[in-house]
Each structure stands twice: as structure tokens, then as C-alpha cells.
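Chain by chain, the residues run as shown.
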Amino acid sequence: MQSELLNMSCKELRDGIAAGRIKSAAATEAVFGAIEKYEPVIGAYISTFEGRALAKANEVDAKIAAGEPVGELAGVPVAVKDVMCTTFGVTTCASRILENFHSPYNATVVEKLLAADAVIVGKTNMDEFAMGSSTENSGLKETVNPWDTTRVPGGSSGGSAAAVAGRMCFAALGSDTGGSIRQPASFCGVVGLKPTYGRVSRFGLVAYGSSLDQIGPVTRSVADCALMMNVIAGRDPADSTSVDEKNAPVCDYLEKLDEPVDKLKVAIVPQFSAGADEPVQKALTCALDVYKKLGAEIIEVDMPHLDYAIAAYYIVATAEASSNLARYDGVHYGHRTENAGDYVEVYSKSRAEGFGKEVKRRIMLGTYALSSGYYDAYYLKALKVRNLIRGDFAGAFEKCDCVMMPVSPTTAFKIGEKIDDPLTMYLSDIYTISANLAGVPAISIPCGFDDSELPIGLQILAPAFAEDRLLRIARMFESNTDWHRKKPTIVE
Amino acid sequence: MGELRYRVVVGLEIHVQLCTKSKMFCGCALSFGEEANSRVCPVCLGMPGVLPVMNEQALEYAVLVALALDCKIAEFTKWDRKSYYYPDLPKNYQISQYDLPLGSGGFIEIPLEAGRTKRIGIIRAHLEEDAGKNLHTAGNFSQVDLNRAGTPLLEIVTEPDMSSAAEVRTLAVELQRMVRYLGVSEADMQKGHMRFEPNINLIITKDGVEYKTPIVEVKNLNSFRVLERSVDVEEQRQLDEFLETGEVMGMGNKTTRGWDDINQVTVLQREKEEAPDYRYFPDPDLVPVEFKCEWLEDIRSRLCELPIKRQIRFVDEYKLSDYDAGVLTAERSTAEFFERVVAAGGKPKRVCNLLTQVGLKLANEKGCSVAELDITPKDFAQVSNDVDGGILSASGANKAIELKAQDPDKPFSVIYEENNLIQKSDVGELEQIVEQVIVDNPKAVEDVTSGGKKSKKAQSFLLGQVMQKTKGQANPKVVSEILDRKLG
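Residues numbered from 1 in each chain as written. Chains lettered and ligands numbered in written order. Predicted model: local features only at pLDDT ≥ 70, side-chain atom pairs only at ≥ 80, totals over all residues. Heavy atoms only, no water.

Participant: Can you help me understand the packing of helix H7 (residues 332-343) of chain B against helix H9 (residues 377-388) of chain B in this one?
Facilitator: Geometry of a packed helix pair, given as the angle between the helix axes and the separation of the axes. All names here are of chain B. H9 packs onto H7 with a crossing angle of 60° between their chain directions and a minimal axis gap of 8 Å. Judged by the inter-axis angle, H7 sits oblique to H9. Crossing angle aside, the handedness with which H7 passes H9 is right-handed. Contact residues: H7 offers Phe337, Arg340 and Val341, while H9 offers Pro377, Phe380 and Ala381. Here the contact of H7 with H9 is built from residues that sort into 5 nonpolar, no polar and 1 charged. (Axes fitted to C-alpha atoms, helices over the stretch in contact; angles between N-to-C directions. Helix = DSSP H or I, 4+ residues; strand = E, 2+ residues; numbered from the N terminus. Parallel < 35°, antiparallel > 145°, perpendicular 65-115°, else oblique. Left-handed = near helix turned anticlockwise from the far one by under 90°. Contact = heavy atoms within 4.5 Å. Nonpolar A, V, L, I, M, F, W, Y, C, P; charged D, E, K, R; others polar.)

Participant: Hey, could you run me through the interface of chain A and chain B in this one?
Facilitator: Accessible area lost upon the coming together of the parts is a frequently used measure of interface size. Facing 38 residues of chain A, the contacting portion of chain B comprises 30 residues. Roughly 2,700 Å² is buried in total at the junction of chain A and chain B, and carbon and sulfur atoms are behind 60% of that figure. For chain A, the biggest contributors to the area lost against chain B are Ser240, Arg327 and His332 of chain A; these three give 22% of the whole. One salt bridge in this structure joins Asp285 of chain B and Arg202 of chain A, with 3.1 Å as the shortest N-O distance. There are 19 residue pairs in polar contact (both at pLDDT 80 or more) connecting chain A and chain B. Looking at the side of chain A that touches chain B, the elements that each hand over two or more residues are helix H11 (309-324), helix H12 (343-354) and helix H13 (357-370) of chain A. Among the elements that line the side of chain A that touches chain B, the one with the most residues is H11 of chain A, at 4 residues. Across the side of chain A that touches chain B, the residue classes break down as 21 nonpolar, 11 polar and 6 charged. (Buried area = accessible area lost by both parts, 1.4 Å probe. Salt bridge = Lys/Arg side-chain N within 4 Å of Asp/Glu carboxyl O. Polar contact = N/O pair within 3.5 Å; in protein donor to acceptor, adjacent residues only side chain to side chain.)

Participant: Sorry if this is basic, but what is going on with the nonpolar core here?
Facilitator: One broad rule of soluble globular proteins: the nonpolar side chains tend to lie buried together. Phe129, Tyr291 and Ile460 of chain A are the most contacted members of the largest nonpolar core, which has 178 residues in total. It is H11 of chain A that provides the largest number of residues to this core, a total of 10 residues. Excluding residues within four positions of it along the chain, Phe129 of chain A makes contact with Cys93, Ser95, Ile97, Leu98, Val206, Tyr208, Leu325, Tyr328, Phe355 and Val359 of chain A. Among the nonpolar cores identified, the runner-up in size contains 105 residues, and Val179, Val233, Ala325 and Val341 of chain B belong to it. (Core = buried A, V, L, I, M, F, W, Y, C linked by side-chain atoms within 4.5 Å. Buried < 20%, exposed > 50% of the residue type's maximum accessible area, 1.4 Å probe, protein only.)

Participant: Would you mind going over the packing of aromatic side chains with me for this structure?
Facilitator: Each aromatic ring pair is described using two quantities: the centre-to-centre distance and the angle formed by the ring planes. Enumeration over the complete set of coordinates arrives at 35 aromatic pairs over all chains. Aromatic side chains Phe129 of chain A and Tyr328 of chain A sit 5.0 Å apart centroid to centroid with 35° between the ring planes, which places their arrangement in the tilted category. Of this pair, Phe129 of chain A sits in the loop between strand S3 (119-124) and helix H6 (158-165) while Tyr328 of chain A is found in the loop between H11 and H12, placing the two residues 199 residues apart along the sequence. You'll find Phe129 of chain A and Tyr328 of chain A in the same group, each marked buried. When the ring of Phe25 of chain B is compared with that of Trp79 of chain B, the centres are 5.3 Å apart and the planes differ by 85°; the resulting orientation is edge-to-face. With a gap of 54 residues between them, Phe25 of chain B in the loop between strand S1 (4-17) and helix H1 (56-68) and Trp79 of chain B in the loop between strand S3 (76-77) and strand S4 (80-83) connect regions that are remote in the sequence. On the basis of relative accessible area, Phe25 of chain B is assigned to the buried category, the value being 5%. The exposure class assigned to Trp79 of chain B is buried, which follows from its relative accessible area of 2%. Over the face of the ring belonging to Phe88 of chain A we find Arg52 of chain A, whose NZ or CZ atom lies 3.7 Å from the ring centre. The ring of Phe412 of chain B is capped by Lys404 of chain B, whose NZ or CZ atom sits 4.9 Å from the centre of that ring. (Phe/Tyr/Trp six-rings, centres within 6.5 Å; stacked < 30°, edge-to-face > 60°. Lys NZ or Arg CZ within 6 Å of the ring centre and 35° of its normal.)

Participant: Would you mind showing me how to read unusual backbone geometry here?
Facilitator: Apart from glycine, the bulk of residues carry a negative phi angle, and the bulk of peptide bonds sit in the trans form. Here Gly155 of chain A and Ser156 of chain A are connected by a cis peptide whose omega angle stands at 10°. One can find Ser156 of chain A in the loop between S3 and H6. Residues other than glycine seldom take positive phi values, yet Gln264 of chain B does so here, at roughly 55°. With respect to the helices and strands, the residue Gln264 of chain B is situated in the loop between strand S14 (255-260) and strand S15 (265-270). The phi dihedral of Asp374 of chain B is positive, around 70°, even though this residue is not glycine. For Asp374 of chain B, the location among the structural elements is in the loop between helix H8 (348-366) and H9. Under the relative-accessibility criterion, Asp374 of chain B is labelled exposed at 57%.

Participant: Would you explain the pattern of salt bridges in this entry?
Facilitator: It is possible for side chains of opposite charge to pair when their charged atoms get near one another. All names here are of chain B. In total, this model carries 56 salt bridges over all chains according to the counting rule given. Note that Asp261 and Arg225 form a salt bridge whose closest N and O atoms lie 3.4 Å from each other. Note that Asp261 is positioned in the loop between S14 and S15 and Arg225 in helix H3 (residues 224-245), a separation of 36 residues in sequence. Judged by its relative accessible area of 46%, Arg225 is partly exposed. When the shortest N-O distance is used, the salt bridge between Arg237 and Glu234 registers 2.6 Å. Here Arg237 and its partner Glu234 are both found in helix H3, 3 residues apart, which amounts to about one turn of the helix. What emerges from the salt-bridge pattern is a single network uniting Glu305, Arg310, Arg313, Glu317, Arg332, Glu336 and Glu339.

Here's what the structure looks like:
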């Protein structure tokens, strides 16, 4: 019963709870049972809120018993990446500099989850300030991959992906600046969507690269992803970069989810995808075969500027980060050094003590790129490359409904394997970064396994604000394959 | 030593605090004097995860000033981050406008002596957010009050078109008058609503060769007096320094100095070599602003006649002195009220006297504008005409206005009557009194009739005697005529 409950989709669970067949309290207790069992090994959470979660679950159960209306995620236990502000618990960004930081406000997405009657069970581990591809940059704890505990869960939303795969919640929110939802989803065999830039409010998302950051769901099925999008998508007056719904309406992403896209045209970028490991390429080929069998036409497109995506990304993202992270200075909140002689030392020592190595590296890179005399050569040039990449996508989408490529060139790598080689680590984002630079939505869905039984993800990219079609295309694959049903051995 | 001549060259940066309902990028109310850190929210505190949302009203106010300064309004503008670390700056960057200011290439007319004006170029006008305040009140630590953080500031940068400290002050005063006219700032100097940073250097001609001294920016001056004084002091200091060292303007940035009010000197703050790198880049949290024609026209329609133009017109149209016109146009409401009184039939010069001598005094006492005194333009026009018609003396008119302000419902006829304000102009009645005075004061009469240097004084004395006998109610003009006739 316990594991049957834990393996339910959000939608099944929500329907069961709403119909009174299942108690949210039971589901929540089951989740905390799983946390007790797996968390000591997996380490997905920075904090959990058992008392608070059970109280919310009971409240939802009582509402349902009383026949009162409930929200779209009524009683469903979910997790939130610890980069989103909550008035309960701490909001650490997995950084020692914010280790004891209590936010005075909730992120808009958190408010939306609460309004939808979701049960927030905890906040998940991540690379510090979302900078990394393995969650090894967390300043607070280690998270391992539920499929192989000697391997990384991916990053930066590694805790969210590991918690969802490890049945320690039914769905989670992650954030994606260069692949931080899709790559861990792919490494952990779950679904991860980075929505269009501007689709989901960033208010309360602790900023890394503001023009790239986007919050999105990590789930065990495309349908759950659609359900989560129904809750979190939409214009927020508190976020000027969230998009006016008059221009780009939010729709009910579940409504037509099971309708296949007619005359689907899929584009691939063969020379670009060729850089991936052989099992990854093979899985992509098999996935394309599935779509072919479903009647899709596969075409090849040329996107010549994708090769420059990593270079452009590591300038734009780090430049913005160097400015966004300037506020963590020990003056107003967060870690303050105990050894300052004057106020300049309050800054330099608090930051030296509070930030980890990778965060410092990116602040240095970004500061350099924005410095007088270098701005034109780096930042301005990166913006031009970004425009060319947008152009590549615009050109491609004139010819197709979506582009498909790998999520990551490899499957989950060993803990410690790349941590001392930042450039190799950066290259693992090669397939995910362009969606952030172009602002388009992209999803990762399970599409196979390598010889070590490690999951492989298929990445599908769609035009801006076409999340409805993107989800339908992903759903076509999911309803004709079983990859998403496989469970990590640890939870079997 | 050969001939040496020099002139001072000054450009000005001015920060004007706009009187919007809320801060530049959040919903907090603007603050002055409230308990420290009581007007703050996560956004202006720069908490993790917050995002700014632009205040439309601030943008409107800023564009209104830019239009009044005859600036070209950018079709497209954006927000930039200016990075520097300081405890009063919670995000450690300030949201400002760097390479695309909302207004550029304008000018402002400033009044010079004798009704002449001078045009000072405006390089740019842009919006930004203010920082908080560091308080150094306690022992070995400082405190930060962020009530002011995020307050909308309009920064205006002039061309180096001013050539004296007096001109710099005049521009500052003119700008204050302008922003008050437009209703976009209280421009209260005591509350720090206007802050000035003059950029000063000298052009020296020595032995037929021209030298330019290095540019000095004096930071953060918040009164007209200190602004003017600092330019004078800096002028002398730069001259002395040039004579001593011969240093001239070089490449690179300017030196900044602060003002030491106790010693009345400028003090070195930062050498030019230490110029900070602000690492400006477009703020990704805010969307660029496009000015639509319709919107701009709507703002343009809110422009009013500017104070300097109005002052000149008052001199031309109403034949007022430049000084009087200046007083009447100092506040928009006063100028508009003046014109309403004139429209109601008052003679301009007389109305001007009434308003400047008693109207403004009363308004000042009550802390309101002249228009809010409960005395209508028609009332003022009536009193003004009663003076011109000889019914009231000038002082009687002032008295009548004062009484009217105390009791607005009482008609003037009653006020005049109850307070014996109506002048005696009846020639027959006054002749008798004059004759009596002539009889009583033979010595003065003799002084008048014999002419000479005592004559004028003696005639005034006789007039005074008549006024005394009539308890001040005699029309002095009529009395003088009678005296002239009788003693002439």
C-alpha cells in the first residue's frame, strides 16, 4: 500500500484525495516514511517540514470532508528547490552565506503552490546559488543519484530530481539557468521542464543569471508536469519580465495533453548532437524512431551558432551573477565575518568565508567581463551571439514544430569525477544552454538507459510560449514508451 | 611676472527627489524623519529573490521635467546597474540609466540682472534610485537607515556653461522654482530634496598662453549658500594651486572633493587615479521603456508656462519691476492667483503690492498658498481698486485684507466701517483742519514759505499734523494739494 501510494502520479493522487478515497495525511506520512528511509543515503533535502506538512495535509482532508472547494494540487506533497524564498524554514541557496537566512516573504511560485493546496514537504539541495551541474557545489550537503549512489544526481536542481526519483515527494520545483532542471531530470530518469522565459514568475527566486533563470517542474510524468504548470504559470505584476497574458495566454496544459500533434515535424541538428556519448546518441535515434512510427517527419536543420552557446552563456550568466550576488556582503543579512577590522573587511571576509569555490570563480569571471575596457569584447559580444542563437531557433521553428537533441552528452557521472575540472563540467551543459539563451521552453523526458542502467533524457525544444504543444509532443512519446515507469533500485 | 587673467567654468549635476506616492521600484511610501527602517520592504531592502517594478509616476514626472528643460526625449530607454559597494546601498548596485538617458540635449534659461537671461545647456536627465543613509552616532560601529533607499531621483547634468558662483546659484534656484511649478518635487532643501555637485575648473591666460586647471567635482552640497560658496572657494584654491604648482588638466578622471562647512574649505576625497569602475550593464530585471507618441503628448499637455518666461511676461505685460515679477512668480500658485486678481479688475501694480506686502505674509503665517486664504480674487481686486479710488490708504488696504482673512464672511463695507479705514477726502472738511494746523504751527509755515532746505521737512511735518488730527483717516494726497495751494 505504502509503495503503491508513493508511486502514484500527482494527478492520480490529487484525484484520489479530492474524491475522498485517499487522505492527504496518509500520502504525506508515506512521503515522510520514504524520507526517513532513503534520505540518509540520497541527501536530497536541505530542510523538511514534517509538522507543517502534516498540518496542511490534515487541513486539506478536513476541507474535503466538509465539502469545501480545494486547489488544483490539493493534498499533494511537493518539494521546492532551496533557491525559492519561503517564510517558513530557511532559504539557503545551499550556501554558507545564507545558511541561517529566513526570508520575510514567499516566492510567487510558493504562494501559488500554497494557494493550490499543495503540501510542501521540504526544500531541496542544489549547487550553491544554482551554479553547477552535479549538486557537488552545495555548500551544505551531498546529494547522490538514486539510480547509483556513487554518482551525481546532476545539477543544479539535483535535490529536486533526486527527491522526485526517490519517491520522497510527488513533484518538485527546480530552477533552470543553463540546464539546471533538464540535466538532473535526465540523470535521475524523471521529467523536467524549463518553461519559456517570462512564463513563470521569478519573484522570490534567488537570482543567478536573471535573464536566463526560469522556474519549472520536476515530475515523474508529462501529465504531472502539465498539472504543475497549470499551478505556477502566469503573469506576476511583481516580475516585470513575466509576460503579459494578452500576448501569450496561459492555457490549461492538461486539457488537450493526450491529443497527439498532427503532422508533427521534428528537427534535429545532427552535427551538434554527434558530440554526445554513444549510448546517448543511440537513445536519441531510438526516440526519433518512436516519433517516426507515430507519423512524425524528421528533418535536419542547421543551427550554426549553437557551438558558441557555452562561451556566450558563461559570460552572460556570470556577468549577471557577479551583480546579483553583490548583495551578500554581511552587512544586512546572512553570514558576517567575526574578524573584520573595518567595513571593507566586513565585505571581503564575509564573502570569502561564505561563498564556495565555484561561486567565487563565477563572480570573478563576471566581474572581469563587465569591467571597463572588456565590456565590449566580452559582454556585448556575448549578447550578439545570444541574438544569433535566437535567430537560429527562429529559423528552425519556421520549418518544424520542435527541435530534438540530447539533454546531456553523458549519463550521470561519478561523484568527484569532474569537480576539479570546471571546463569539462561546463561542457556538460552544451545541449541545454541554448534554450536559456534563446528563452524558449525545453523539456527532458526519460528515453532510455545506458549499459550501467543509468537513465538518459530526450530533450525537446519548442517555440516561445508553446508549452502546450511541447507537452503534447512529450506526451506522445511517453504514452508509447515505458521508460518513465522504471524506478531506481533503491526504491524498489 | 606677466599678465594673468582667468575665468571659472562650472557645470552642475543636480539630484532632485521626486514627490511620487511610492518609491522608484517598490510600493513603500517616501520617507522623511520616520523611525529608521520603518519605510522598507523586501524590495528596497535588496533581500534575496526580489525584483524591481518601475514606478510609472516617477517616469512621468521625470519626462515632464525633461520636456520643460527642452530635452530630446529618447524613443527607447532602459535601466542599468551601477555597481559599487557601500553599506547604504543594499544590493551593492544602484539602478540608474547609463548610456540611454530619458532626456538629453536641452537647456534652461536663468535670470541675470536687469531682466537679462542666460541659456545653460542640459546634457542629460535620467532617473535613478537613491541610497539609504549611514548613521555614525554610536561608538565603534555604524548603523544603516534604509528609509530613503529606493526613493526616485532625477539627475540633471548641465553643460559647463556657468561662469560665476552667482550664476551657479541662480541656476539652482531657477531649477527649484521649475520643479515646484511642475509639481514634481517639493524641492525642500532642508529635507535634502535637491543635492548639487558642481564641476569646477579655471581657464587661465598667462603670458598669452591658455591653461586649464584640472576639473574638480565637489560632492553632495545641499544648500544654495554652500553651493555658491564652494564655487568661490574652489575658484581661489585652484588659482593658488596653479600659481604654486602649474598643474594643468590631464587625461583621465576628475578629482572629487567634499565641503567642510566649519572651515569653509573643500577637502580632497578621491584622486583622479582612483576613479571607480562601476561596471554598468543593463538591468535584466527590468524591461526597456519605449515612449509612445500619445503618451508623450499627454505628458507634454501637462506642461505649464515656466517661471522664467512668466517672470519676463509679468514685467512686459504688467509693467512690474523685475524684482516684483520674481516674487510673484516664485510659486506657481501665487503667480496664477495674481493673474486672477488682475482679471477680476485689479490694477497690476497695486495688486502686486497687496499680494507681496500682505497676501504672502498671511499665507506664510498660515502655511498655505495665497489662493488658500479664503479671500477671493474679486476681494483682492476690490480692495486694490478702493486704494486706487482714494477710499483706502495703502496701509488701510493691508489692514482690510488682514481682517478679511480673519473673518472671510464679513463684507468689506463692514470691515472698513468698523475699523475707520475709509479715508477723508472731502476738501471742505479737510481745509478747515489744514487751516487750524497752519494757525497752530507758524514756525513750520514760515520754513515752507521761505523755501530753502528746511521746506520739504516742514511740509511733511504739517501733513503729519493733519493726519494726527484725523486719526490717520485723511487722504494724504488731498491734504498735500490743499497745503500746496495755501502755502504755495
